[in-house]
Amino acid sequence: MRYHAPSSVAEAVKLAAGTTGITRFLSGGTDVLVQLRAGMVTPDDLIDLKKIPGLHDITKTADGGWRIGATVSGAEMRRHAALCADWPGVVEGMNLVGSTQVQGRATLAGNLCNGSPAADSVPGMVAAGARVVVTGPNGTRDVAVEDIPAGPGRTKLQPGEMIEAVLLPPRGTQGGDAYLRFIPRTEMDIAVVGVGISLTLDGDKVVSARVSLGAVAPTVLLVDAAAKAIIGTTLDEAALAALATAVRAAATPISDKRGTAEFRKEVVGVLAGRAARIAYDRAKGAAK
Amino acid sequence: MAKDQTQGYRLIGTRPDRPDGLDKVTGRARYGADISAPGMLHAAVVRSPHAHAKILKIDATKALALPGVKAVITRADLPTGLTGEDWNLQENTLAGEKALYDGHAVAAVAATTKLIAQDAAKLVEVTYEVLPHVTDVDAAMAPGAPVIREGAADHSVPEGMHPNVVRYMDFGHGDMDAGFAAADLVREQSYKTEATHQGYIEPHACMAQMGADDRGEMWVCTQGHWYIRRMTSAVLGIDAAKLRVTPSEIGGGFGGKTTIFMEPLALALSQKAGGRPVKLVMSRSEVLRATGPTASASMDVKLGLKKDGTITAAQVKFRMQGGPYIGSSPVGEALSCAFACYDVPNVMHEGYEVLANRPKAAAYRAPGSPMAAFATESLLDEMCRELGLDPLKVRLKNAAKEGTKSSYGPTYNRIGLVESLEATMAHKNLLAPLGPNQGRGVASGFWFNWGGETSVSLCIGEDGTVTVSVGTPDIGGSRASIALMTAECLGIAYDKVRVNIVETGALGVNEPTHGSRATFASGLAAVEAAKQAMAEMCRRAAAEWDIDAEAVEWRDGAAHPAGPNAGKFPPLSIGEIGAKMGGTGGPISGHHEVTATTHGASFGVHVVDVEVDPETGRTTILRYLVVQDAGTAIHPAYVEGQYQGGAAQGIGWALNEEYVYGADGRLQNTVFLDYRVPVASDLPMIDTVIVEVPNPGHPYGVRGVGETGITPPLPAIANAIHAATGKRIRSLPMSPSKVLAAIKAQG
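**With respect to the overall build of chain B**
Point 1. Along its length, chain B carries 19 helices and 26 strands.
Point 2. Taken over C-alpha atoms, the radius of gyration comes to 27 Å for chain B, in line with the 27 Å a tight globule of 747 residues would show.
Point 3. The proportion of buried residues among the 747 residues of chain B is 62%.
Point 4. When contacts within chain B are restricted to residue pairs at least 6 apart in sequence, those whose partners lie at least 24 apart make up 79%.
Point 5. As displayed, chain B offers around 26300 Å² of accessible surface, 52% of which is attributable to carbon and sulfur atoms.
Point 6. Charge separation in chain B, taken as the distance between the mean sites of 68 positive and 80 negative side-chain charges, equals 3 Å.

And the structure:
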């Protein structure tokens, strides 16, 4: 195994493009090192991104959104008051990954690249309309988060491509987001179901929404029908029922060691309603 | 220091710091994997990926060719001709003709580094012929189930049963027909529990060395190093005395470290590698796949109750699998515990032990009792509901007490179930108001406790401080408790006594720290040894004063003239006697050895309040109360710790822990991420009440306290979920998906 510590994104990408075996980018290492120790993956080349200047920054973008570098940890996001004020749902999703110790290492980009359908930070990003900056041998492109996962453990990134940063759009006024997951315990578990919702209000009425589901399909889902079920409503009981119906219709879960398909289909509707209410209340709070 | 409850003692009942505390919080304590030696090799184990498969060929050529690899062993390297449990242990250490469960060891490798050993293990080529498998207890005894081993059954099994049924037992007393006829309500139900693992934080680990002369040394994380010595020497065909075993500190055992899993491999590899020391440390996945969980159970219960709550008859039929070998499942204990809390005139037990393609079961905290309680205490609760009776009053009405003929045969000595029930009924938690979707459940529990083979030595130092050598590894604070009892007896300060856990060469045979026996039995022997030393110190004083030894008495850490007629001498302290002992007759020590039989049973009562989310089926433990009889609480903090720990493990077993097998018979959840023990934030602070009904069979009244506490949580939580939801769950775990399905079900 060869360990590399490039000092620029260009160098990292060049290194990756030149490898022939199993290559892994190392950011927090909370997946790569665990998989290595468990004997699941033994990379031939390990490219450490932590020494690249600029990848460790949270910056406000010109349009009023946010750029979160690939090596920013969950703990750093949590401590960033302005980011938390704009996108509490994105931050709370990220903060559900692992323990306090893991939070000191784990990153949004890593959680996305690990390719788990149950990744806790991903539905929140998709609901937020987040995009990622992808750099590879053919240059830099900007891709919607929902277009990265390809299936359990797989992404649509091309060989040699890496994620440099996550871009969050401007929150604007009267917006709120939330992420909820179901686990049988209170901590240290993998989502059996995850729901991220972001919405904006005009007065009491929902004028835009994005609803994203985790752990109920091979990849994260963005469910337009679920958004439509609440847009134009004040999130009354009928809207919540329609939302639940829409997410249940979109979910195609499996039964595995973490939960049954029937359970996931039922609970995704429950969590969608609860997450929508939290997002709605946050949007109302933001309007004050 | 303030004493909390026990009256009449100077030190017993106080809560001093534990002697091993500083080392543990600073990381200095040496656990199994912390022991190393010069020239040491590292081992890795090759494990079967199949639940049931013939081993056609093992080819280690490529592994041995890897630079750094020093030895590979297979079953062919172990002696033949073993029988009974020795054969089972050897077969479980390294598979012979067949791999019998996912994770079964088939070969082991020693190399200069752990990474090389792991790489080499992957290069050992094993050719399997995969066979049909069975992991469920009911499926394993059904017609057509794959046969694990022909001829494994003993003579107890009725004719015509599946060969996987290897043991049958029945016992009871009274007239069942008359008992059920006398009842106003008779109900019969079936229950199932999944296997659960002890979940100790420290994985199995040892470091061992053995030369061509078969003389061996082993440092190992274990609950009982004489058991390690006996089992390991049997598996390897060497004399027990040739092997010296030293226990490390231990990061939990709960029964799972009272046997061997991989210890003989380290010795055999060392011998084959020319006597270089070998370290072998299991990963968490290896622990879950290949070390002993408890049994899974399928149980039928029938109870007869009068309208006033009197139990007229009780009957159980239990089926348990404990892996692929006879004698591993605790079906006998489960039967004996089933109705142990009650004075039942007519009682009948039947049990079947069944083989399955799962790891060889080991002891787990009150083996068998939690499953039995889940079945019997659930049905009793259901029937109390049906008759509109208070479940605590029904338990009190039928409670076993001194003189009751127990359901399993013997007549009880002084026991504390009634006192525990009364303390429960007086507790404030019973008055806490419950909201919507909340419910309260109660259950009782029992464990026999144990005495067993015990050997303890005690030495007086030249400065009057005292060293106690015991053979029971300290898991739950026994060094502190034994030091308290010794200091109490000798009339000296707690911190003047040091208790050491010594190796197999230093004492007679000791059983492990199992059966809740360490504080009871090693404590009893330490007190007897202290009394011997005290008598000798009185003799030394008598000689110095030139009076009869009978005219000297020991109090407050010193020899005194027994009365005015004995003469007027200033007292001789333990320090003064110790300083002079070389010239007054030599070293002063005490020694006691005994197979202790005067242990006293411990009964407990738990009350749990839960809230069930009606939309997700998720259960939250709101409040939890443990009331249990300790006999005498020597160090109350460690008694409370045992009560809380038992409840925590029981909560995990009740709600989320289970062995999840795929259709291929492979264990799916081999890490703590998916084998869901409770995390700290899942639990409220667990309230405890220590009831003290002293055991007449111990100098200070000690009963064991370690095991009873895991028994009531399973039914107590099922009863609380019923109260919260109106739904009765009769199989464990009561996971959210199961509870939600029950809530959604019609009716």
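**As for helix α11 (residues 369-387) of chain B**
Residues and elements named next belong to chain B.
Point 1. For α11, with 19 residues, the first-to-last C-alpha span of 26 Å sits near the 27 Å given by 1.5 Å per residue.
Point 2. Most of α11 sits inside the fold, with 16 of its 19 residues counted as buried.
Point 3. A positive phi of about 70° marks G388, the residue just after α11.

**Section: the interface of chain A and chain B**
Point 1. Taken residue by residue, the interface counts 18 residues in chain A and 21 residues in chain B.
Point 2. Carbon and sulfur atoms supply 52% of the area buried between chain A and chain B, which totals about 1800 Å² over both sides.
Point 3. Summed over the shared surface of chain A and chain B, the result is 6 salt bridges.
Point 4. Two residues, D674 of chain B and K257 of chain A, come together in a salt bridge whose shortest N-O distance is 3.4 Å.
Point 5. Connecting chain A to chain B are 15 residue pairs in polar contact (both at pLDDT 80 or more).
Point 6. The element that contributes the greatest number of residues to the side of chain A that touches chain B is helix α11 (residues 261-287) of chain A, accounting for 5 residues.
Point 7. In terms of residue class, the side of chain A that touches chain B is built from 9 nonpolar, 2 polar and 7 charged.

**With respect to unusual backbone geometry**
Point 1. Look at the link from L732 of chain B to P733 of chain B: it is a cis peptide, with omega at -5°.
Point 2. Checked against the element boundaries, P733 of chain B lands in the loop between α18 (713-725) and α19 (736-744).
Point 3. In this structure, M188 of chain A is a non-glycine residue whose phi angle is positive, near 55°.
Point 4. Mapped onto the fold, M188 of chain A is located in the loop between β11 (175-182) and β12 (193-202).

**A closer look at the pairing of strand β26 (residues 687-691) of chain B**
Residues and elements named next belong to chain B.
Point 1. Across 5 bridges, the pairing between strand β25 (residues 619-629) and β26 is parallel. Across the sheet, residue D629 finds its bridge partner in β26, namely V691.
Point 2. Taking the sense of rotation as the criterion, the β-α-β connection linking β25, helix α17 (residues 636-655) and β26 turns out right-handed.

**Examining the packing of aromatic side chains**
All names here are of chain B.
Point 1. A complete count under the given rule lists 16 aromatic pairs over all chains for this structure.
Point 2. Between Y191 and F374, the ring centres sit 5.8 Å apart and the planes meet at 80°, which makes this aromatic pair edge-to-face. In this pair, Y191 sits in strand β8 (residues 185-193) while F374 sits in helix α11, placing the two residues 183 residues apart along the sequence. When sorted by exposure, Y191 lands in the same class as F374, which is buried.

**A short note on the side chain of R289 of chain B**
Residues and elements named next belong to chain B.
Point 1. For R289, the location among the structural elements is in helix α9 (residues 284-290).
Point 2. Within the structure, R289 has its side chain in polar contact with the side chain of D102 (distance 2.7 Å).
Point 3. The residues touching R289, leaving out its near neighbours within four places in the chain, are R47, S48, P49, Y101, D102, G103, P359, L667 and T670.

**As for the pairing of strand β2 (residues 53-59) of chain B**
A regular strand places its side chains on the two faces of the sheet in alternate fashion.
Residue and element names in this part refer to chain B.
Point 1. Examined bridge by bridge, β2 and strand β4 (residues 98-99) share 2 bridges and lie antiparallel to one another. From the neighbouring strand, K54 faces β4, where its bridge partner is K98.
Point 2. Both β2 and strand β6 (residues 125-130) contribute to a ladder of 6 bridges, which runs antiparallel. Across the sheet, K54 pairs through a bridge with E129, a residue of β6.

**Focus: the sheet that holds strand β3 (residues 69-73) of chain B**
Residues and elements named next belong to chain B.
Point 1. Here we have 7 strands laid out as an open sheet, ordered β3-β5-β1-β12-β9-β10-β11, and mixed in their pairing. The outermost strands of the open sheet, each flanked by one partner alone, are β3 and β11 (243-247). The average undirected angle you get between the axes of adjacent strands in this sheet is 20°.
Point 2. Of the pairings in the sheet, the one linking strand β9 (residues 205-210) to strand β12 (residues 278-281) comprises 4 bridges and is antiparallel in character. Across the sheet, M207 pairs through a bridge with K279, a residue of β12.
Point 3. Packing against the sheet, helix α4 (residues 114-123) makes contact with β1 (41-47), β3, β5 (105-111) and β12, and its axis sits at approximately 25° to β1.

**Section: the nonpolar core**
Residues and elements named next belong to chain B.
Point 1. Residues L303, F318, F339, F446, I717 and M734 are the most contacted members of the largest nonpolar core, which totals 88 residues.
Point 2. Among the elements that make up this core, the one with the highest residue count is α11 (8 residues).
Point 3. Leaving out residues up to four positions away in the same chain, L303 has contacts with F180, L185, V186, R187, I311, A313, A314, F339, T376, L379, L380 and M383.
Point 4. Counting 51 residues, the second-largest nonpolar core is a separate cluster that includes L458, A480, A525 and I588.

**Focus: the environment of R258 of chain A**
Point 1. Mapped onto the elements of the fold, R258 of chain A is located in the loop between α10 (237-250) and α11.
Point 2. When the C-alpha atoms of R258 of chain A and P184 of chain A are compared, they prove to be 8.9 Å apart, with 74 residues separating the residues in sequence.
Point 3. If sequence neighbours within four positions are ignored, R258 of chain A has contacts with I190, V192 and R264 of chain A together with L673, D674 and R676 of chain B.

**Overview of the sheet that holds β4 of chain B**
Point 1. Ordered in space as β4-β2-β6 (chain B), the 3 strands form an open sheet in which the pairing is antiparallel. Looking at which strands have only one partner, the edges of the open sheet turn out to be β4 and β6 of chain B.

**Comments concerning the environment of G439 of chain B**
Point 1. Within the secondary structure, G439 of chain B is located in strand β16 (residues 438-447).
Point 2. For the pair formed by G439 of chain B and G726 of chain B, sequence separation is 287 residues and the distance between their alpha carbons is 9.4 Å.

**Remarks on the packing of α17 of chain B against α18 of chain B**
Residue and element names in this part refer to chain B.
Point 1. Relative orientation of the contacting elements α17 and α18 amounts to 55°, with a least axis distance of 8 Å. The angle between α17 and α18 places the two elements in the oblique class. Handedness of the α17/α18 crossing: right-handed. Seen from α17, the contacting residues are G646, A647, G650, I651, W653, A654 and L655; seen from α18, they are P713, L714, I717 and I721.
Point 2. The class makeup of the residues in the contact of α17 with α18 is 9 nonpolar, 2 polar and no charged.

**Things to note about the confidence of the model for chain B**
Point 1. Chain-level statistics for chain B give a pLDDT mean of 97 and a share of 99% at 70 or above.
Point 2. The ipTM, which scores confidence in the relative placement of chains, is 0.95 for this predicted complex, and the corresponding pTM is 0.96.

**Notes on α18 of chain B**
Residue and element names in this part refer to chain B.
Point 1. Between its first and last C-alpha atoms α18 spans 18 Å; for 13 residues at 1.5 Å apiece the expected length is 18 Å, and the two agree.
Point 2. Taken across its 13 residues, α18 has 11 buried, putting it largely inside the fold.
Point 3. Taken as a whole, α18 has its buried residues at P713, L714, P715, A716, I717, A718, N719, A720, I721, H722 and A724.
Point 4. The inward-facing, buried residues of α18 contact α11, α12 (391-397), β16, β24 (602-612), β25 and α17.
Point 5. One or two steps after α18, the chain reaches G726, where phi turns positive at roughly 80°.

**A closer look at the side chain of H162 of chain B**
Residue and element names in this part refer to chain B.
Point 1. Within the element layout of this structure, H162 appears in the loop between α5 (137-140) and β7 (165-173).
Point 2. Among the polar contacts listed, one links the side chain of H162 to the backbone nitrogen of N164, at a separation of 2.9 Å.
Point 3. Leave out the neighbours within four places in its chain, and H162 touches A140, M141, A142, G144, A145, P146 and V147.

Cut-offs used in this document
- Residues numbered from 1 in each chain as written.
- Chains lettered and ligands numbered in written order.
- Predicted model: local features only at pLDDT ≥ 70, side-chain atom pairs only at ≥ 80, totals over all residues.
- Heavy atoms only, no water.
- Helix = DSSP H or I, 4+ residues; strand = E, 2+ residues; numbered from the N terminus.
- Rg over C-alpha atoms; globule rule 2.2 N^0.38 Å.
- Buried < 20%, exposed > 50% of the residue type's maximum accessible area, 1.4 Å probe, protein only.
- Contact = heavy atoms within 4.5 Å.
- Areas by Shrake-Rupley, 256 points an atom, 1.4 Å probe, with all protein chains shown as cover.
- Lys, Arg positive; Asp, Glu negative; His and termini not counted.
- Charge placed at Lys NZ, Arg CZ, Asp CG, Glu CD.
- Expected span 1.5 Å × (residues − 1).
- Buried area = accessible area lost by both parts, 1.4 Å probe.
- Salt bridge = Lys/Arg side-chain N within 4 Å of Asp/Glu carboxyl O.
- Polar contact = N/O pair within 3.5 Å; in protein donor to acceptor, adjacent residues only side chain to side chain.
- Nonpolar A, V, L, I, M, F, W, Y, C, P; charged D, E, K, R; others polar.
- Pairing = 2+ DSSP bridges.
- Right-handed = clockwise from strand over helix to strand, strands pointing away.
- Phe/Tyr/Trp six-rings, centres within 6.5 Å; stacked < 30°, edge-to-face > 60°.
- Axes fitted to C-alpha atoms, helices over the stretch in contact; angles between N-to-C directions.
- Core = buried A, V, L, I, M, F, W, Y, C linked by side-chain atoms within 4.5 Å.
- Parallel < 35°, antiparallel > 145°, perpendicular 65-115°, else oblique.
- Left-handed = near helix turned anticlockwise from the far one by under 90°.
- pLDDT = per-residue confidence, 0-100.

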